[in-house]
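Geometric and topological summary
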Amino acid sequence: MITRPESFSLTCIVPAFNEGAGLGDFLPLLRQELVRFSARVEIIVVDDGSADDTLAIATDLAEPLALTVLGFSRNFGKEAAITAGLEHARGDLVLIIDADMQEPVSLIGDMIDRWKEGYDMVFAVRDGREDEHRLKRLGVGLFYTLMGGGGQAPITPHARDFRVMDRKVVAALNRLPERNRFMKGLFSWVGFRSCALPVRIQPRLTGKSGFGF
Ligand code: UDP
Ligand code: MG
């Protein structure tokens, strides 16, 4: 039976690419939620070379919200943004969440409860993709079929990067030598006791998806 420390530090990584329109609303909301669970909260915003005011907004909020802001010199992609966040994260527990408010912060408490029960990684799995275009759904389905073909470390279809990870999982990820990363593959590759929670993904209210076909 695993027991987690009564008091733990929590790091949240927020990859952000052209999220200026919503970031000023999201970050205070995120902090407000996180401080319910830990007195030692660290939020790391990774600006992935945005062309809009994402970096300026995060920098303005850095002091009031005690943010750590990392700024990339160009757009390197979400995988690189998460990787940089994981290298900077100091928390006993590390959370990853999108910046666009499509993922409900209300799930974070459930994730943390599962971690306290003994799971080392608790990740969200998208519950239905009805709101997406038929062709994108087909492409996503094909992608997971092909990616799952390898066998050793199967990726749960429709798993999100939205997850909490124990420090030891983060340490294992940071030790991997891969430079060109597909994080969901690596999350599965490192092993550990994992648990999936279904999540309803909200439509995007501001900005637009950085991922095409
Ligand atoms: N993102 C990023 N770099 C990119 C593309 C996206 O850091 O090159 C961030 C984006 O700001 C968001 C998250 O990754 O916080 C998910 O991206 P997006 O919403 O575009 O993906 P979707 O929800 O459409 O799958
Ligand atoms: Mg999104």
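It should be noted that the structure appears before, not after, this text.
Figured I'd write up the structure that's included with this text. Keep in mind it's a predicted model, so treat the numbers as computed, not measured.

Below, the discussion takes up the overall build of the protein. Counting its secondary structure elements, the protein contains 7 helices and 7 strands. In the protein, the order of α-helices and β-strands from amino to carboxyl end is β-α-β-α-β-α-β-α-β-α-β-α-α-β. Relative to a compact globule of 213 residues, whose C-alpha radius of gyration would be 17 Å, the protein shows 17 Å and is just as compact. Its C-alpha atoms give the protein principal-axis dimensions of about 45 × 45 × 35 Å. Relative to its 213 residues, the protein shows a buried fraction of 47%. Contacts spanning at least 24 positions in sequence make up 80% of the contacts within the protein whose residues lie at least 6 apart.

Let us now look at the coordination of the magnesium ion (ligand 2). Those donors, D100 (OD) and Q102 (OE1), are the protein atoms that reach the magnesium ion (ligand 2), and they lie 2.0 Å from it. An identical accessibility class is assigned to D100 and Q102; each is buried.

Another point: the sheet that holds strand β3 (residues 67-71). Judged by pairing direction, the sheet is mixed, and its 7 strands sit side by side in the order β3-β2-β1-β4-β6-β5-β7 without closing on themselves. At either margin of the open sheet sits one strand with a lone partner, and together these are β3 and β7 (194-199). Going across the sheet, the axis of each strand differs from the next one's by a mean of 20°, ignoring polarity. Pairing geometry for strand β4 (residues 93-96) and strand β6 (residues 159-166), over 4 bridges, is antiparallel. Pairing of I96 across the sheet is with R163, part of β6. Relative to the sheet, helix α1 (residues 20-34) contacts β1 (9-16), β2 (40-47), β3 and β4, its axis offset from that of β2 by approximately 155°. Here helix α2 (residues 54-65) sits on the sheet in contact with β1, β2 and β3, set at roughly 155° to β3.

Turning to the site of ligand 1, a few remarks are in order. In the neighbourhood of ligand 1, 16 residues make up the surrounding shell, with E19, D48, D100, S209 and G210 lying closest. Here an oxygen atom of ligand 1 and a backbone polar atom of F17 are 2.8 Å apart. Residue D48 places a side-chain N or O atom 2.6 Å away from a nitrogen atom belonging to ligand 1. When ligand 1 is considered free in solution it has 520 Å² of accessible area, and contact with the protein chains removes 90% of it. Its residues placed into classes, the shell around ligand 1 shows 5 nonpolar, 5 polar and 6 charged.

In regular strands, side chains alternate between the two faces of the sheet. Because side chains alternate across β7, one face comprises the buried residues C195, L197 and V199, and the other comprises S194, A196 and P198, none of which is buried. Here 6 bridges tie strand β5 (residues 121-126) to β7, and the two strands are oriented parallel to one another. Bridging from a neighbouring strand, R126 pairs with V199 of β7.

Cut-offs used in this document
- Residue numbers here run from 1 along each chain, matching the order of that chain's written sequence.
- For this description, chains carry letters from A and ligands carry numbers from 1, given in the order in which they are written.
- Only residues with pLDDT of 70 or above have their local features reported here, since the model is predicted, and side-chain atom pairs are shown and tallied only from 80 upward, although totals for entire chains, interfaces and linings are computed over all residues.
- Excluded from the side-chain calculations are hydrogens and water; all other atoms, namely the structure's heavy atoms, are used.
- Strands are runs of DSSP state E lasting at least two residues, helices are runs of H or I lasting at least four, and both sets are numbered from the N terminus onward.
- In this setup the radius of gyration rests on C-alpha atoms only. A globule is expected at 2.2 Å times the number of residues raised to 0.38.
- For the exposure calls, accessible area comes from a 1.4 Å probe over protein chains only, and a residue counts as buried if that area is under 20% of its type's maximum, exposed if over 50%, partly exposed in between.
- Note on definitions: a residue-residue contact is assigned when non-hydrogen atoms from the two residues lie within 4.5 Å.
- Any nitrogen, oxygen or sulfur atom within 2.8 Å of a metal ion counts as a donor, with the limit raised to 3.2 Å for Na, K and Ca, and since water is left out, coordination shells can look unfinished.
- Strand pairing requires that DSSP identify at least two bridges connecting the strands.
- To obtain each axis, a line is fitted to C-alpha atoms, and for helices this fit is confined to the stretch in contact; angles are then taken between N-to-C directions over 0 to 180 degrees.
- For each residue, the test is whether any non-hydrogen atom lies within 4 Å of the molecule or strand; if one does, the residue is near.
- Pairs of N or O atoms within 3.5 Å make up the polar contacts considered here, provided that, within protein, one atom can donate a hydrogen while the other can accept it, and that residues adjacent in sequence are counted only when both atoms are side-chain atoms.
- All accessible areas in this document rest on Shrake-Rupley with a 1.4 Å probe, and a residue is counted as covered only by the protein chains that are shown.
- Residues are grouped as follows: Ala, Val, Leu, Ile, Met, Phe, Trp, Tyr, Cys and Pro are nonpolar; Asp, Glu, Lys and Arg are charged; every other residue, Gly included, is polar.

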